[in-house]
Amino acid sequence: MTKHHPSNDFLMEHAAGSLPVAQAACVSAHLSYCERCRRTDGQLQTVGGAMLERLDPVSVSESLLDTVLARLEDPAPLAYAGQTEVSALPGLLQRLTNKDFSQLVWKRVTRALSISYLSTGDTSHEFALLRIAAGGRIPEHTHGGNEMTLVLEGGFSDGRDSYHPGDFIYRSSEDTHAPVALDGEDCICLTVLDAPLKFTGWQHRWLNPFLKLRAS
Ligand SMILES: [Zn+2]
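Residues numbered from 1 in each chain as written. Predicted model: local features only at pLDDT ≥ 70, side-chain atom pairs only at ≥ 80, totals over all residues. Heavy atoms only, no water.

Participant: So, the sheet that holds strand 7 (residues 162-163): which residues are in play, and what are the values?
Facilitator: A sheet is described by the order of its strands in space; here 3 strands give the open sequence 7-6-9, paired in antiparallel fashion. Looking at the sheet topology across the chains shown, the edges are occupied by strand 7 and strand 9 (180-181). Examined bridge by bridge, strand 6 (residues 156-157) and strand 7 share 2 bridges and lie antiparallel to one another. Within strand 7, the position partnered with Phe156 by the bridge is Tyr163. (Pairing = 2+ DSSP bridges. Helix = DSSP H or I, 4+ residues; strand = E, 2+ residues; numbered from the N terminus.)

Participant: For the pattern of salt bridges, give the residues involved together with the corresponding values.
Facilitator: If you walk through the whole model with that rule in mind, you get 4 salt bridges. We note a salt bridge from Arg171 to Asp158, for which the minimum N-O separation is 3.0 Å. Here Arg171, found in strand 8 (residues 168-171), pairs with Asp158, found in the loop between strand 6 and strand 7; they are 13 residues apart in sequence, far enough to count as distant. A relative accessible area of 9% means that Arg171 is categorised as buried. (Salt bridge = Lys/Arg side-chain N within 4 Å of Asp/Glu carboxyl O. Buried < 20%, exposed > 50% of the residue type's maximum accessible area, 1.4 Å probe, protein only.)

Participant: An account of the coordination of the zinc ion is requested, with residue identities and associated values reported.
Facilitator: Octahedral metals with six donors have ideal donor angles of 90 or 180 degrees. Tetrahedral metals with four donors have an ideal donor angle of 109.5 degrees. Taken together, the protein donors to the zinc ion comprise His5 (ND1), His30 (NE2), Cys34 (SG) and Cys37 (SG), at separations of 2.0 to 2.3 Å. The site at the zinc ion holds 4 donor atoms, and with the angles between them running 99 to 115°, its shape is tetrahedral. Within one chain, the residues serving as donors to the zinc ion are arranged as H-x24-H-x3-C-x2-C. Note that His5 is positioned in the segment before helix 1 (8-16) and Cys34 in the loop between helix 2 (21-31) and helix 3 (35-54), a separation of 29 residues in sequence. Judged on exposure class, the residue His5 and its partner Cys34 are both buried. (Donors = N, O, S within 2.8 Å, 3.2 Å for Na, K, Ca; no water. Tetrahedral: all angles 85-135°; square planar, octahedral: opposite > 155°, others 65-115°.)

Participant: So, the environment of Gly48: which residues are in play, and what are the values?
Facilitator: On the secondary structure map, Gly48 appears in helix 3. Exposure remark for Gly48: the relative accessible area of 29% places this residue in the partly exposed category. A sequence separation of 33 residues divides Gly48 from Ala15, and the C-alpha atoms of the two residues are 7.8 Å apart.

Participant: Outline the pairing of strand 1 (residues 107-110), supporting the account with residue identities and numerical values.
Facilitator: Sheet topology note: the strand 1/strand 2 (residues 113-118) ladder contains 3 bridges and is antiparallel. Pairing of Lys107 across the sheet is with Ile115, part of strand 2. The antiparallel pairing of strand 1 with strand 2 creates a hairpin that spans 2 residues between the two strands.

Participant: Hey, could you go over the pairing of strand 10 (residues 187-193) for me, with residue numbers and the actual values?
Facilitator: With respect to burial, strand 10 is a largely interior element, 7 of its 7 residues being buried. With burial as the criterion, each face of strand 10 is covered, one bearing Cys187, Cys189, Thr191 and Leu193 and the other bearing Ile188, Leu190 and Val192. Pairing of strand 3 (residues 126-132) with strand 10 involves 7 bridges; the strand directions are antiparallel. Residue Leu130 lies in a different strand from strand 10, and its bridge partner there is Cys189. Examined bridge by bridge, strand 5 (residues 147-153) and strand 10 share 6 bridges and lie antiparallel to one another. Across the sheet, residue Leu150 finds its bridge partner in strand 10, namely Leu190.

Structure follows, in structure tokens:
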């Protein structure tokens, strides 16, 4: 069961097709794990379609969106046939990674952290997989910008909560955190950044000039 979801703003922009490609890919990947957000996405697309149809001359009532959002807590309809919670890798990532993480080019950043950069064609966002060794920690860092994270395998905790496959986490430039992978299994996450990480601890600060945004 995924516990951490994209905000309604992100779901709305996703449904409207207005998110930058790399962010849209991350939200889409979450949808493949999360029935609740898939349902919202479908409803928002319906609302968007209705708004377009009625754009001229009748405007849609302002309460329509509220009504849709209020219905999010309704009981779920029958589960999608053949969909299982936390299944294999989302289709899009299967294509980008050739279904095999071990075949990707991994760059080692610290003893516990490796990064593999993937290309989405979005030149304003870095789209990368992070591998954190089981029990390993990403050095404390902040962001020059915003970071979307989706857990794909294993899990991590950041002192506030713990995150598991399918969980979506969004952090802004004000957040400083030092995620620690859960024991027992390496954690693999997808991250989408619009500015490079900045390590804040003295042991790792020297790495900062090397952490350029690799958006392609
Ligand atoms: Zn969700």
